Amino acid sequence: MDDAKDAAEATGKKIGEAADDTKERISDKVDEVQADAEVRRAEGDVKRAEAERDVTHAKNDFKENLRD
């Protein structure tokens, strides 16, 4: 009887550990996806800033040409 109880406890423990491992893996994957999204947002911000810079340069060059 004790062997069956011990086996059941060991099985329960293994199932609990597997569930915890799965939760950790899911959490890790969520963290990765969030980090990737942050990188894409930052890359978009850089592209937008570069475009604004280029527009400002073009506007300033145009103004300079009008002054000549």
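Preceding this section is the structure that the text describes.
This report concerns the structure included in the present document.

So, how was this worked out
Residues numbered from 1 in each chain as written. Predicted model: local features only at pLDDT ≥ 70, side-chain atom pairs only at ≥ 80, totals over all residues. Heavy atoms only, no water. Helix = DSSP H or I, 4+ residues; strand = E, 2+ residues; numbered from the N terminus. Rg over C-alpha atoms; globule rule 2.2 N^0.38 Å. Areas by Shrake-Rupley, 256 points an atom, 1.4 Å probe, with all protein chains shown as cover. Lys, Arg positive; Asp, Glu negative; His and termini not counted. Charge placed at Lys NZ, Arg CZ, Asp CG, Glu CD. Salt bridge = Lys/Arg side-chain N within 4 Å of Asp/Glu carboxyl O. Buried < 20%, exposed > 50% of the residue type's maximum accessible area, 1.4 Å probe, protein only. Patch = residues over 30% accessible without salt bridge, like charges linked within 9 Å, V, L, I, M, F, W, Y side chains within 5 Å.

### Thoughts on the overall build of the protein chain
Part 1 of the reasoning: Check the secondary structure of the protein chain and you find one helix and zero strands.
Part 2 of the reasoning: Over its C-alpha atoms the protein chain spans a radius of gyration of 29 Å, topping by over 25% the 11 Å that the globule rule assigns to 68 residues.
Part 3 of the reasoning: Only carbon and sulfur atoms are counted for the fraction: they give 54% of the accessible area of the protein chain, which is about 6300 Å².
Part 4 of the reasoning: Taking the average location of the 14 positive side-chain charges in the protein chain and that of its 21 negative ones, the two points are 6 Å from each other.

### Details of the pattern of salt bridges
Part 1 of the reasoning: Under the defined criterion, the tally for this structure stands at six salt bridges.
Part 2 of the reasoning: In this structure, Arg41 and Glu38 form a salt bridge, with 2.9 Å as the shortest nitrogen-oxygen distance. One end of the pair is Arg41 and the other is Glu38, both in helix α1 (residues 2-67) and three residues apart, which spans about a single turn.
Part 3 of the reasoning: Accessibility expressed as a relative area gives 49% for Arg41, which makes it partly exposed.
Part 4 of the reasoning: Among the salt bridges present, the one from Arg48 reaches Asp45, with a minimum N-O distance of 2.6 Å. Of the two residues, Arg48 and Asp45 are both situated in helix α1; the distance of three residues between them amounts to about one turn of the helix.
Part 5 of the reasoning: Here Asp45 falls in the partly exposed class, since its relative accessible area comes to 44%.

### Brief notes about a negative patch on the surface
Part 1 of the reasoning: A cluster of acidic residues, Glu17, Asp21, Glu24, Asp28 and Asp31, forms a negative patch at the surface.
Part 2 of the reasoning: You can see Asp28 is positioned in helix α1.
Part 3 of the reasoning: We classify Asp28 as partly exposed; its relative accessible area is 44%.

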